[in-house]
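Here is what each chain is made of, one letter per residue.
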Amino acid sequence: MTAQFHLAVYTFGQFLDRAESPKIASFFEIEPSVLTALEKAPGFLSRSGYDSDTGPASWGVQVFPRFWEDNGDGWAPSTLSLWSSVEAIAAATYHGEHGAAYRRGREWNVLPNGWTGYALWWVEAGHQPDWAEAVERHEYLADHGDGPRAFTFKRPFDPHGQATQLDATEVKRLVSLPRA
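Residues numbered from 1 in each chain as written. Predicted model: local features only at pLDDT ≥ 70, side-chain atom pairs only at ≥ 80, totals over all residues. Heavy atoms only, no water.

Caption draft 1: Layout of the nonpolar core. Counting residues in each nonpolar core, the largest one holds 23 residues, and the members touching the most others are Leu 7, Trp 83, Leu 120, Phe 151 and Phe 153. Elements that contribute at least two residues to this core include exactly β1 (5–12), α1 (25–39), α2 (86–94), β4 (118–124) and α5 (168–176). Sort the elements by how many residues they give to this core and α2 lands first, with six residues. Contact partners of Leu 7, with chain neighbours within four places excluded, come to Ser 81, Leu 82, Trp 83, Ser 85, Val 86, Ile 89, Leu 120, Trp 121, Trp 122 and Phe 151. If you look at the next biggest cluster of nonpolar residues, it comprises 19 residues, including Phe 64, Ala 76, Trp 115 and Ala 134. (Core = buried A, V, L, I, M, F, W, Y, C linked by side-chain atoms within 4.5 Å. Buried < 20%, exposed > 50% of the residue type's maximum accessible area, 1.4 Å probe, protein only. Helix = DSSP H or I, 4+ residues; strand = E, 2+ residues; numbered from the N terminus. Contact = heavy atoms within 4.5 Å.)

Next comes the structure, spelled out in structure tokens:
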């Protein structure tokens, strides 16, 4: 993996209930520490914030994919970030504080039906994808499956559009590193 490319990551979920519901409260209790842990993970480069929150600036106007069903609050859990490699985001996703939260996802989110909960794609270094680009890639993945334009951990592609495999040894190495 060269520094000429960064891995863009979009995640999207659909809450089981309105954001202010007691059913979702524990999500919001742990969200700040989970985001902080991700930002300290090896390979993390940057992330978009949200117009309504303090923190990083939003990368454009936040929009949601066609799979979103507004439950009356106009909100859905989603993220947009840049990483150095597929292995770096895999290590951060499935291990540590985010891994623990990920395993609790069914407490807060509807299971995806006809769409994945995320999309990965490569961008040239210096390009910051916006929310609209992320949603387009996510919907493309749902319509066409894994390919160079958008993919999942199950069928990753390298920055040059070639199918590749997740390097499990590298994921383990990254998990073992101290956080920044």
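Caption draft 2: A look at the packing of aromatic side chains. Using the criterion set out here, one finds 17 aromatic pairs in the structure. Taking NZ or CZ as reference, Arg 149 lies 5.5 Å from the ring centre of Tyr 140, over its face. (Phe/Tyr/Trp six-rings, centres within 6.5 Å; stacked < 30°, edge-to-face > 60°. Lys NZ or Arg CZ within 6 Å of the ring centre and 35° of its normal.)

Caption draft 3: Spatial organisation of helix α4 (residues 131–144). In a regular helix each residue adds 1.5 Å, so 14 residues correspond to 20 Å; α4 covers 20 Å between its end C-alpha atoms and thus fits that length. Buried within α4 are the following residues: Trp 131, Glu 133, Ala 134, Val 135, Arg 137, His 138, Glu 139 and Leu 141. Packed against the buried residues of α4 are β1, β3 (78–83) and β4. Taken from the residues just after α4, Gly 145 is the one with a positive phi, measuring 80°. (Expected span 1.5 Å × (residues − 1).)

Caption draft 4: Structural view of the pairing of β4. Counting buried positions along β4 yields six of seven residues, so the element is predominantly enclosed. With seven bridges joining them, β1 and β4 adopt antiparallel strand pairing. The residue bridging Val 9 from the neighbouring strand is Leu 120, located in β4. (Pairing = 2+ DSSP bridges.)

Caption draft 5: Structural detail: the environment of Pro 42. Summarising the element assignment, Pro 42 is placed in the loop between α1 and β2 (44–47). Discounting chain neighbours no more than four positions away, the residues touching Pro 42 are Trp 83, Ala 88, Leu 174, Leu 177, Pro 178 and Arg 179.

Caption draft 6: A look at the sheet that holds β4. Read across the open sheet, the four strands follow the order β2-β3-β1-β4; overall the sheet is antiparallel. Two strands lie at the open edges of the sheet, namely β2 and β4, each paired on one side alone. Each neighbouring strand pair of the sheet contributes to a mean axis angle of 25°, computed without reference to strand direction. Pairing analysis gives three bridges linking β2 to β3, with the strands arranged antiparallel. If you follow Phe 44 over to β3, its bridge partner there is Trp 83. Running over the sheet, α4 touches β1, β3 and β4 and is turned about 120° from β4. (Axes fitted to C-alpha atoms, helices over the stretch in contact; angles between N-to-C directions.)

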